[in-house]
Amino acid sequence: MTATSQPAPSQTVTPLPNATILGYPRIGRRRELKRAIESFWKGATDEAQLGETARELRAATRTRLVELGLPATGGAVPESFSFYDQVLDATIALGAIPHRFADAVGSSDLTATFALARGDKDHQPLEMTKWFDTNYHYSVPELDEQTPLAANSAALVSYLAEAKEQGIESRPVLVGPVTYALLAKASDAAGEGFAPLDRLDEIVAVYAQLLADLAAAGAAWVQLDEPALVSDSLSVPRAEILALVERTYATLGGASARPAILLTAPYGDSAAALSRIAALPIEAVQADLVRGSLPESELADGSLAAAFEGTQFVAGVVDGRNIWRTNLRAALATATRLQDAGIATVIGTSNSLQHVPHDVSDETKLDARLRSWLAFADQKVEQVAILAKGLADAASVEAELAEVDAVLADRAAAPGVSTAAIRDRAAAVTAADRDRAPEGDRRDAQRALNIPELATTTIGSFPQTSEIRVARAAFARGEIDQAAYDGFLRAEIERVIRLQEEIGLDVLVHGEAERNDMVQYFAELLDGFAVTEHGWVQSYGTRATRPSILWGDVSRPAPMTVAWSVYAQSLTERPVKGMLTGPVTILAWSFVRDDLPLADTASQVALALRDEINDLVEAGIKIVQVDEPALRELLPLDADRQAAYLDWSVGAFRLATAGAASEVQIHTHLCYSEFGEIIDAVDGLDADVTSIEAARSRMDVVEPLGDHGYSRGIGPGVYDIHSPRVPSVAEQTELIQLAAARIPGEQLWVNPDCGLKTRGYEETVASLTNLVQAARAVRGA
Ligand code: MET
Ligand SMILES: [Zn+2]
């Protein structure tokens, strides 16, 4: 041990075994936790029953992880269970219950968790937002000067005790204090100028208490996740975040009674900070070596090894964000290089496996060859175990390495993975293919559409009723045939068209009843994608999505949406928007290939969409909307990588849409309101009309757009679709007026924040009726 790296004073450090993962899916192989929680919410089961199901899930996870090859002792098995969200769990562990919830949290951690997560008629729930550059959403902590802070280690301690009973020494996991404080927002009760970071020292003191409780309960290790270390998108510059981490872990490391600390930096590149993190007085540091890199020169000159003296390095070489089998030979080479440099190396994952489904062997309907290329969470754990064995004795895993070599070679050569015609077409794309006619020419050409000022429209989907879900399920099970299902969908489209006409909307939609999901629908119709049966990944709370697997070159064997749009247009004189999901969003919400740059895949998807738009237009559709709600989500955390991303993502959208002649009106839809960072990109999309979420932020988006001199159509949402609440005419009128103060009437559109698929019909009709009246009121004024 060097002077800077000291063991926890009260105990000797047991080194972390040489294989670990950062976390594991907690929803259950068959989404058992979702069902258990939802039945508890309905009152069909009680807290004890839910607690029992959760306990069984945790036990099964630990057993499974040991079966798959993680050592049972020494803290290799993480305790990453959560009833709802890990950031919310930290809020509970810190006792940081906002005052506004004081009368709502009930008597247990569980009731408090659900009260904060879901709210009730008198309490708005905690805000939810995306976790770093993932599609996982966490509950945003709310802090002010008065928010209580007091250690509550009950859950952490009880999970540890459960594990012990199974004969497993597990490792409690917590979001780290710096990341917690940076992800928190100031509550409405906070004084002017308050920032949650102002309370970091108090937060750190509570963490010190939590660590003391864990040490007393016999924890050998604790994992503190600090992904803030890799992000340039937080309120504080990265250099300052590093300084905060140093200060924080100097304190925690110096605490008198604590478990050994594993500090993790998942989701991005911590190379530039690694030596400084490694020199902290803690016992292990993790880096994401899939998204991130190693500081090569420091590795070469020995300074990295010096910084790691007395500290273990968890090398995150197995990708926790994707579903491909790891190139074991390459991963082992990286880990071996570290070990040979004298660094005590542990094999780990790049991040928690919460972002991948449980087990490939459940996918019995998937093409066997494709399946052989895949690794879900369970397979990733096995890979970690193999690599750990290889790190001790490379020859002992040669057979496993050779098997993966063969699998990768098979994948590279398989039909569909690389298709010459698709590659040639993408290679022949020129800059001109991404450019439409000048905006003024388009505006003139589109006058023929006769769209009024303050035109009213919706974002695309109408309520997905239980009838729609029942019909879809019956069709999937073969209980009704294609003709019957199509007939059902046509009737649904007709109903939605008539309804919009009655409400008085100007530009109509077909309602998207045929779509189970805005990405999967296209993935099922495009070549190059596969869909899974059980590949659920938690998106937030009890909600999960089933990302499609993009495995090969993408092309469009046949039109995907034309028949539905044409049918809808045939029913009405008013324009009906064709409705597509954009290339970036299709990639963001799928598992993408790791053998082709994302930019190239995006071009392939864009070309398929370009052909679809062409077919829509030929069939008489005059307005096409290409949704890109994930444009902001994929923005790299690393500032150095952002320009390149914006370049290819905007380029893909333009490639998809620029084949449309001037008289075709291209719309896009974005649903987030913090878009200051990407406003140039939004402008660069060059869409004729952009609808954007704005109601919850009370039109915050309008100001930057006004300042930016944005000159095309813009529809800031005036109806927050996230709850059943019906916004009044007055309320929507006020929002339209707020926008109209900054944006000329001929540019302004009136629409909801997002699609209506999660809403019921009653509130939808009332809200849209008010929306149309509000637009008329402002037009008349
Ligand atoms: C998440 S954005 C959703 C856009 C889609 N057109 C819908 O209305 O549902
Ligand atoms: Zn949306």
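Just above sits the structure.
Residues numbered from 1 in each chain as written. Chains lettered and ligands numbered in written order. Predicted model: local features only at pLDDT ≥ 70, side-chain atom pairs only at ≥ 80, totals over all residues. Heavy atoms only, no water.

> How would you summarise the overall build of the protein chain if you had to cite specific residues and measurements?
A tally of regular secondary structure across the protein chain gives 28 helices and 23 strands. Relative to the globule expectation of 28 Å for 781 residues, the C-alpha radius of gyration of the protein chain, 27 Å, shows essentially globular dimensions. For the protein chain, the spread of C-alpha atoms along the three principal axes comes to 80 × 60 × 50 Å. The proportion of buried residues among the 781 residues of the protein chain is 59%. Here the analysis covers contacts within the protein chain between residues at least 6 apart in sequence; of these, 79% occur between residues at least 24 apart. Summed over its atoms, the accessible surface of the protein chain is roughly 28700 Å², and 52% of this surface lies on carbon and sulfur atoms. For the protein chain, the distance from the average site of its 68 positive side-chain charges to the average site of its 109 negative ones is 4 Å. (Helix = DSSP H or I, 4+ residues; strand = E, 2+ residues; numbered from the N terminus. Rg over C-alpha atoms; globule rule 2.2 N^0.38 Å. Buried < 20%, exposed > 50% of the residue type's maximum accessible area, 1.4 Å probe, protein only. Contact = heavy atoms within 4.5 Å. Areas by Shrake-Rupley, 256 points an atom, 1.4 Å probe, with all protein chains shown as cover. Lys, Arg positive; Asp, Glu negative; His and termini not counted. Charge placed at Lys NZ, Arg CZ, Asp CG, Glu CD.)

> Quick one: what's the story with the coordination of the zinc ion (ligand 2), residue by residue and with numbers?
At the metal site, the zinc ion (ligand 2) is ligated by His669 (NE2), Cys671 (SG) and Cys754 (SG), and these contacts range over 2.1 to 2.4 Å. Coordination at the zinc ion (ligand 2) is tetrahedral: its four donor atoms span angles of 98 to 122° at the metal. As a motif over one chain, the donors of the zinc ion (ligand 2) read H-x1-C-x82-C. You can see His669 sitting in strand S20 (residues 665-670) and its partner Cys754 sitting in the loop between strand S23 (749-750) and helix H28 (761-780), a full 85 residues away along the chain. Residue classification places His669 among the buried positions, given a relative accessible area of 3%. Look at Cys754 and you get partly exposed, because its relative accessible area is 21%. (Donors = N, O, S within 2.8 Å, 3.2 Å for Na, K, Ca; no water. Tetrahedral: all angles 85-135°; square planar, octahedral: opposite > 155°, others 65-115°.)

> Describe the site of ligand 1, naming the residues involved and giving the relevant values.
Taken together, the neighbourhood of ligand 1 is formed by Ile459, Gly460, Ser461, Glu512, Met518, Asp627, Pro629, His669, Cys671, Cys754, Gly755 and Lys757. Within the side chain of Ser461, an N or O atom sits 2.7 Å from an oxygen atom of ligand 1. Coverage of ligand 1 by the protein amounts to 93% of the 300 Å² it exposes when considered alone. (Near = heavy atom within 4 Å. Polar contact = N/O pair within 3.5 Å; in protein donor to acceptor, adjacent residues only side chain to side chain.)

> Requested: an account of the packing of aromatic side chains, with residues and values cited.
Under the criterion given, the structure shown has 15 aromatic pairs. Judged by centre distance (5.9 Å) and plane angle (45°), the rings of Phe40 and Phe114 are tilted. Within this pair, whereas Phe40 is found in helix H1 (residues 32-41), its partner Phe114 is found in helix H4 (residues 109-118), the two being separated by 74 residues in sequence. Neither residue differs from the other here; Phe40 and Phe114 are each classed as buried. On the numbers, 6.0 Å between centres and 90° between planes, the contact of Trp131 with Tyr267 is edge-to-face. Here the residue Trp131 occupies a position in the loop between strand S2 (128-130) and strand S3 (137-139), and Tyr267 occupies one in the loop between strand S8 (260-264) and helix H9 (274-278), the gap between them amounting to 136 residues. Across the pair, exposure class does not vary: Trp131 and Tyr267 are buried alike. Aromatic ring contacts, followed pair by pair, group Phe40, Trp41, Tyr84 and Phe114 into a single cluster. The ring of Trp536 has Arg31 sitting right over it, with the charged end atom 3.6 Å from the ring centre. Of note, Arg118 hangs over the ring of Trp41, and the distance from its end group to the ring centre comes to 3.5 Å. (Phe/Tyr/Trp six-rings, centres within 6.5 Å; stacked < 30°, edge-to-face > 60°. Lys NZ or Arg CZ within 6 Å of the ring centre and 35° of its normal.)

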